[in-house]
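Listed below, chain by chain, are the residues.
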Amino acid sequence: MAERTGAELFFVRIRFRSWLYSGVEVIIQPDKETAARLVARILASDLRAKPQLVLGLATGGTMESVYQNLVRMHREEGLDFSHCQTFNLDEYVGLTAADPSSYHHYMHHHLFRAVNVAAGNTHLPEGTAANLDEECRRYEALVRQAGGIDLQLLGIGKAGHIGFNEPLSALRSRTRVKALAPATIQQNAPFFGGEAKVPRRAITMGVGTIIEARRCVLLATGDSKADVIAQAVEGPITSMVSATALQLHPRCTVVVDEAAGAKLKEKEYYRWIFANEPEWEGYR
Ligand code: GLP
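Residues numbered from 1 in each chain as written. Predicted model: local features only at pLDDT ≥ 70, side-chain atom pairs only at ≥ 80, totals over all residues. Heavy atoms only, no water.

As summarised here, the arrangement of the seven strands in space is β1-β10-β9-β6-β2-β3-β5, forming an open sheet in which the pairing is parallel. Two strands bound the open sheet, and with one partner strand each, they are β1 (23–29) and β5 (122–123). With two bridges connecting them, strand β2 (residues 54–57) and strand β6 (residues 151–154) associate as parallel partners. Among the inter-strand pairings, G56 is bridged to a residue of β6, identified as Q152. Strand contacts of helix α5 (residues 132–145): β3 (85–88) and β5, with the helix running at about 150 degrees to β3, the strand carrying the most contacts. (Pairing = 2+ DSSP bridges. Helix = DSSP H or I, 4+ residues; strand = E, 2+ residues; numbered from the N terminus. Contact = heavy atoms within 4.5 Å. Axes fitted to C-alpha atoms, helices over the stretch in contact; angles between N-to-C directions.)

What follows is the structure, encoded as structure tokens:
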């Protein structure tokens, strides 16, 4: 291997240190398009560095533009998904893969059909399994067999959940069935044509499962997420807001647009880090 110069070693050391100690880093982007593009670029860069990447995927309206960007990168830049494996966070109980409101369908529609990921390498919990507890255990074992998740993509519910980890989800919880909170049912009602049609339960990776991922990247956009982002990033860690568990993670990047970041107290500090830290050099 070629010898590194002193300057190179300096930056390698800074990078290594920031991975070890940084915890949550917040990146504020001007608008939701730029924020989604940045998340897609982070994911693409990790995928290029490790083609066998184990990717944790999320659903919801916010993620749609991340997947649009990944599809464009696949078409225009040859971003290759052929060696990666994917694990989704969650699925509604009772919905078949063919149901247009299921997360199976969402993932197929927004990403899987448009990139070269092998069908056998994409995984979601089966919401129609005869034995749901057994299905949760199978899913956990599958993640373990794959060697754990390298990069977990996350959105955030208006009440602060990651996956479907509703208020009072144990911070060490594993994949299991959760009853959906009224706020979640309300938030997802537009995807079902009314609250009455939203399933009341879902299988979700646990908070413990999620924060075991080697890297977490959370995307939130729009003013409806401003309160919950301030709580998740700068508030006290509490099982009432499962996203606060990300503060325990050694390498979590939270990407927001100006609207979702509006209520953060330390905005100027976060902006300085993004503008100056060598880790973000290629992303500015
Ligand atoms: C659902 C998903 C979450 C996601 C949330 C945000 O509740 N289970 O994983 O983070 O939606 O959705 P949206 O991006 O539509 O606000």
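Attention now goes to the site of the ligand. In the vicinity of the ligand there are 14 residues, among which G61, T62, D90, H161 and K225 approach most closely. Here an oxygen atom of the ligand and a backbone polar atom of G61 are 2.8 Å apart. A distance of 3.3 Å is found between a nitrogen atom of the ligand and a backbone nitrogen or oxygen belonging to G163. Relative to its free-state accessible area of 390 Å², the ligand is covered by the protein chains to the extent of 95%. Taken together, the residues that form the shell around the ligand break down as three nonpolar, nine polar and two charged. (Near = heavy atom within 4 Å. Polar contact = N/O pair within 3.5 Å; in protein donor to acceptor, adjacent residues only side chain to side chain. Areas by Shrake-Rupley, 256 points an atom, 1.4 Å probe, with all protein chains shown as cover. Nonpolar A, V, L, I, M, F, W, Y, C, P; charged D, E, K, R; others polar.)

Among the secondary structure elements, H104 is positioned in helix α4 (residues 103–110). For H104, the side chain forms a polar contact with the side chain of E126, separated by 3.3 Å. The contact partners of H104, leaving out residues within four places of it in the chain, are E91, A97, L124, P125 and E126.

Two elements in contact, helix α3 (residues 64–77) and α4, have axes separated by 10 Å at closest approach and are oriented at 35 degrees. Between α3 and α4, the residues in contact are E64, Y67 and V71 and Y106, M107 and H110, respectively. Residue composition of the contact of α3 with α4, by class: four nonpolar, one polar and one charged.

Now for the state of the cysteines. The tally for this structure, following the rule as stated, stands at zero disulfides. With no disulfide partner, C136 has as its closest neighbouring cysteine sulfur the one in C216, 20 Å distant. In this structure C252 is a free cysteine whose sulfur lies 5.3 Å from that of C216, the closest cysteine sulfur available. (Disulfide = S-S within 2.5 Å.)

As a further point, take the pattern of salt bridges. Enumeration according to the criterion identifies 13 salt bridges in this entry. Ionic pairing is found between R72 and E76, a salt bridge with its closest N-O pair at 3.6 Å. Placement of the pair is R72 and E76 together in helix α3, with a separation of four residues, close to one helical turn. For R271, the salt bridge identified is with E268, shortest N-O distance 3.6 Å. (Salt bridge = Lys/Arg side-chain N within 4 Å of Asp/Glu carboxyl O.)

Residue alternation in β2 divides its side chains into two sets, V54 and G56 and L55 and L57, and both sets are buried. Where β2 meets β3, four bridges bridge the pair, whose relative direction is parallel. Within β3, the residue paired with V54 across the bridge is Q85. After leaving β2, the chain enters α3 and then returns to the sheet as β3, a path that is right-handed. (Buried < 20%, exposed > 50% of the residue type's maximum accessible area, 1.4 Å probe, protein only. Right-handed = clockwise from strand over helix to strand, strands pointing away.)

Bridging between β3 and β5 involves two bridges; their strand directions are parallel. Within β5, the residue paired with F87 across the bridge is H123.

Turning to the packing of aromatic side chains, a few remarks are in order. A ring pair, where both rings are aromatic, is described by two values, the distance of the centres and the angle of the planes. Within the structure shown, the criterion is met by 10 aromatic pairs. Summarising the aromatic geometry, the rings of Y92 and F192 are spaced 5.1 Å apart at their centres and angled 90 degrees between planes, so their arrangement reads as edge-to-face. Highlighted residues: Y92 in strand β4 (residues 90–92) and F192 in the loop between α6 (182–188) and β8 (201–204), separated in sequence by 100 residues. With 6.0 Å between their ring centres and 10 degrees between their planes, Y103 and F164 make a pair best called stacked. One end of the pair, Y103, is in helix α4; the other, F164, is in the loop between β6 and β7 (176–179), and 61 residues separate them in sequence. No difference in accessibility class separates Y103 from F164, as the two residues are buried. Connected via pairs of aromatic rings, a cluster forms that spans Y67, Y92, Y103, Y106, F164 and F192. (Phe/Tyr/Trp six-rings, centres within 6.5 Å; stacked < 30°, edge-to-face > 60°.)

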